[in-house]
Amino acid sequence: MQKIWDPQRAGQIIEDYAEVKGGLIEALHALQAEFGYIDEAVYASLARGFNISRAEVYGVVSFYHDFHNHPTGKRVLKICQAEACQARGSRQLTKEIRELLGIDFGETTRDGEVTLEPVYCLGNCAVSPNAMLDNRVYGRVTSERLKTLLKETQL
Ligand code: FES
């Protein structure tokens, strides 16, 4: 269960990793594991802790698709928007899933269950289009299959 954002606890996590080589990524993972996202309010502390600029922190958080800078739903559904998946219908799939869930990319359903996000290649192009649900990749997906997966694999 993820906790409510706590700046003091976030500061402790940053301190724990500040002296570790490659500690920024580990600190970001630890923050996300604890809170479910990395609040932008902590970017300045991260920058100080790792002796880099706030812009660099932002760059790292936004580069890695696994990091979130806002709270997410209990489940995260990502639909691949890269070329191979687009050639095999990911745009239509995305349209159908947006309609099904009633949300756009970056949004969470009203019940807090599902956050929808784009992703740019999951390394599974041969079986496009691809989606990732709760960190598991599914190939040759259709909106019907995703609908079933959302029900079957409910947490
Ligand atoms: S383009 Fe979608 S998995 Fe590679």
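None of the values given here were measured: they were computed from a predicted structure. (Residues numbered from 1 in each chain as written. Predicted model: local features only at pLDDT ≥ 70, side-chain atom pairs only at ≥ 80, totals over all residues. Heavy atoms only, no water.)

Visitor: Just checking my understanding: could you explain the overall build of the protein chain for this structure?
Guide: On a plain count of helices and strands, the protein chain comes out with seven helices and five strands. Each helix and strand of the protein chain, ordered N terminal to C terminal, gives the series α-α-α-α-β-α-α-β-β-β-β-α. The proportion of buried residues among the 155 residues of the protein chain is 39%. Accessible surface, the protein chain: about 9100 Å² in total, of which carbon and sulfur atoms supply 49%. Side chains of the protein chain give 18 positive and 21 negative charges; the mean places of these two sets differ by 7 Å. (Helix = DSSP H or I, 4+ residues; strand = E, 2+ residues; numbered from the N terminus. Buried < 20%, exposed > 50% of the residue type's maximum accessible area, 1.4 Å probe, protein only. Areas by Shrake-Rupley, 256 points an atom, 1.4 Å probe, with all protein chains shown as cover. Lys, Arg positive; Asp, Glu negative; His and termini not counted. Charge placed at Lys NZ, Arg CZ, Asp CG, Glu CD.)

Visitor: Would you explain the nonpolar core in this entry?
Guide: Considering soluble globular proteins, one finds that nonpolar side chains tend to be buried as a cluster. With 21 residues, the main nonpolar core has Trp5, Leu28, Leu31, Ile38, Val42, Tyr43 and Leu46 as its most contacted residues. Where this core is concerned, the elements lending two or more residues are helix H1 (7–18), helix H2 (23–35), helix H3 (43–50) and helix H4 (54–63). Considering every element that reaches this core, the biggest residue donor is H2, with six residues. When sequence neighbours within four positions are dropped, the list of residues in contact with Tyr43 reads Ile38, Arg54, Val57, Tyr58, Val61 and Asn69. (Core = buried A, V, L, I, M, F, W, Y, C linked by side-chain atoms within 4.5 Å. Contact = heavy atoms within 4.5 Å.)

Visitor: Before we go on, may I ask you to explain unusual backbone geometry in this structure?
Guide: Note that the residue after Ser128, namely Pro129, is joined by a cis bond; omega there is -5 degrees. For Pro129, the position within the fold is in the loop between strand E3 (114–119) and strand E4 (131–133). One non-glycine residue, Asn135, lies in positive phi territory at about 70 degrees. Its location among the elements puts Asn135 in the loop between E4 and strand E5 (136–138).

Visitor: Could you clarify how one ought to interpret the pattern of salt bridges in this entry?
Guide: Opposite charge on two side chains permits pairing when their charged atoms draw close. Applying the stated criterion across every chain, the model contains six salt bridges. The salt bridge partner of Arg9 is Glu34, with a shortest N-O separation of 2.9 Å. With Arg9 in helix H1 and Glu34 in helix H2, the pair connects residues that are 25 residues apart, well separated along the chain. With a relative accessible area of 27%, Arg9 lands in the partly exposed category. Here Lys95 ties to Glu99 by a salt bridge, and the two come within 3.3 Å at their closest N and O atoms. Of this pair, Lys95 and Glu99 are both found in helix H6 (residues 90–101), four residues apart, which corresponds to roughly one turn of the helix. A relative accessible area of 42% places Lys95 in the partly exposed class. (Salt bridge = Lys/Arg side-chain N within 4 Å of Asp/Glu carboxyl O.)

Visitor: Even after reading the chapter, I still don't get the domain arrangement of the protein chain, so can you show me in this structure?
Guide: A common way to express how large an interface is: the accessible area buried when the components associate. Looking at the assigned domains, one finds that the protein chain contains domain 1 (7–63) and domain 2 (75–152). Taking the mean C-alpha position of each, domain 1 and domain 2 sit 28 Å from one another. (Domains from an automatic or database assignment.)

Visitor: What should I look at first to understand the UniProt feature "binding site: [2Fe-2S] cluster" (unreviewed entry) in the protein chain in this one?
Guide: In the numbering used here, UniProt assigns the feature "binding site: [2Fe-2S] cluster" (unreviewed entry) to Cys80, Cys85, Cys121 and Cys125. Separation in sequence by 46 residues is not matched in space for these annotated residues, since their most distant C-alpha atoms are only 9.5 Å apart. The residue Cys121 is located in the loop between E3 and E4 in this model. When its relative accessible area of 37% is taken as the criterion, Cys121 is described as partly exposed. If we skip the residues at most four places from it in the chain, Cys121 touches Cys80 and Ala82. (UniProt positions renumbered as here; feature names shortened; annotations may be inferred.)

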